[in-house]
Amino acid sequence: MEASKRNFLFNKIYVVESLSTNETRTGENLYNDLLRWKVEQNEHLESQLLQVDNRNDFFSSLETIKNEITDDGKLPFIHLEIHGSIDKNGLVLNSGKLVTWLELANRFREINLLTNHNLVVSLATCFGAYIYREMRLTDTAPFWGFVAPWEEVETGDVEISFNSFFDTLLNLFDFNKAIKSLNESNQLPYRYHFYNAEEVFDRVFSKYEGDSYSPENYRKRVHDLMSQALADYNVRNTMTIHEVRQFIEDQLNNEKDNFRIEYKKRFLME
């Protein structure tokens, strides 16, 4: 999936890691072996490793990022090196505590608002793409875009793949080529996926549309609205049943179109 034509900007890469000392510190290795050297070659770019153990540490790290946006004008790229829960409900920190996708989406939304819809997140996290579940049509987007796998990924794969991703990104500043490198670097099946906010909205709205405007639900809504309308003496004496039905169906179709337009504008902060 290619990135949107609208470019995003970042001037600081934050690597947030929550891994135990007896496993490979993939975030620390990414920072030490690549990122800190890359930023030395670019005076406009910074990077920082934030290692956290528990929920308080984790949310404090996100507050640090928020403060640097407002105080120092940082535009963050947030990269998470944290395990995903087996039940696909969120992140599992080094302490063993869970950060749910809803909690994460809400905090990312706060950051995305501060950046005027410019936040990009990558999740080197098993099942990280399931944050998709917490997208709400009535909210603003939690990020401009995100990169994550739907399935379980191995430590060695994460280390090789994201090293290649950031190396390509910081050499070429071409997000689409970086995604290509991410998936081709380790000669494994395509597993990391990029979704921008516009695509997320369209997918979520299509599901909503499929549920709310399914033939069965649509017929029920028309029937219920007709029953209400025909209970009104004035309606019964000024419109035929066919005219009432046509009016209601037109209103429902207009409602769907207007809903999509207005809520998409809100979601994308347009």
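Along each chain, residue indices are assigned from 1 in the same order as the chain's sequence is written. Selection of residues for local features in this predicted model requires a pLDDT of at least 70, selection of side-chain atom pairs for listing and counting requires 80 or more, and totals for whole chains, interfaces and linings are taken over all residues. To obtain the side-chain values, all non-hydrogen atoms of the structure were used and water was disregarded.

Asks: Got a minute to help me understand the nonpolar core in this structure?
Replies: Among soluble globular proteins, nonpolar side chains are generally buried collectively. To form a nonpolar core, buried Ala, Val, Leu, Ile, Met, Phe, Trp, Tyr and Cys residues must be joined to one another through side-chain atoms within 4.5 Å. Buried, partly exposed and exposed residues are distinguished by accessible area as a fraction of the type maximum, computed with a 1.4 Å probe on protein chains only: under 20%, between the cut-offs, and over 50%, respectively. Core analysis: the biggest nonpolar cluster contains 72 residues, and Phe58, Phe108 and Phe146 have the highest contact counts within it. Residues within four places of Phe146 in sequence aside, it is in contact with Val121, Leu123, Ala129, Ile131, Tyr132, His193, Phe194, Tyr195 and Val200. The contact criterion used throughout is that any non-hydrogen atoms of two residues lie within 4.5 Å.

Asks: Would you mind showing me how to read the environment of Tyr14 here?
Replies: By the secondary structure assignment, Tyr14 is in strand β1 (residues 12–18). For Tyr14, a relative accessible area of 0% gives the class buried. As a C-alpha pair, Tyr14 and Leu50 span 36 residues in sequence and 7.1 Å in three-dimensional space. If near-sequence neighbours (up to four positions away) are discounted, Tyr14 is found in contact with Gln48, Leu50, Ile65, Glu68, Lys74, Pro76, Phe77, Ile78 and His79. Only DSSP runs of H or I covering at least 4 residues are called helices, and only runs of E covering at least 2 are called strands; the numbering of each starts at the N terminus.

Asks: Please explain the pattern of salt bridges as it appears in this structure.
Replies: Note that side chains of opposite charge can pair when their charged atoms are close. Between Lys or Arg on one side and Asp or Glu on the other, a salt bridge is scored when a side-chain nitrogen of the former is within 4 Å of a carboxyl oxygen of the latter. Enumeration over the complete set of coordinates arrives at 17 salt bridges. Among the salt bridges present, the one from Asp157 reaches Arg191, with a minimum N-O distance of 2.7 Å. Remark: Arg191 occurs in the loop between α5 (175–184) and β8 (192–196) and Asp157 occurs in helix α4 (residues 155–172); sequence separation between them is 34 residues. Under the relative-accessibility criterion, Asp157 is labelled buried at 5%. Its relative accessible area of 4% is what places Arg191 among the buried residues. Residues joined by salt bridges that share partners form a network here, namely Glu198, Asp202, Arg260 and Lys264.

Asks: In this structure, what is going on with the packing of helix α6 (residues 197–212) against helix α9 (residues 241–267)? I would like to understand it.
Replies: Two measures define how a pair of helices packs: the angle their axes make with one another and the distance between the axes. Between N-to-C directions, angles span 0 to 180 degrees; the directions come from axes that are lines fitted to C-alpha atoms, helices contributing only their stretch in contact. Relative to each other, α6 and α9 sit at 150°, their axes nearing to 11 Å. In terms of orientation, α6 lies roughly antiparallel with respect to α9. In the packing of α6 onto α9, the handedness of the crossing is right-handed. Of the residues in α9, those in contact with Ala197, Glu198, Val200, Phe201, Asp202, Phe205, Tyr208 and Glu209 of α6 are Lys256, Phe259, Arg260, Tyr263, Lys264 and Phe267. Between 65 and 115 degrees an angle is taken as roughly perpendicular, under 35 as roughly parallel, over 145 as roughly antiparallel, and anywhere else as oblique. Definitions for this section: a left-handed crossing has its near helix turned counterclockwise from the far helix by less than a right angle. A right-handed crossing has that turn clockwise.

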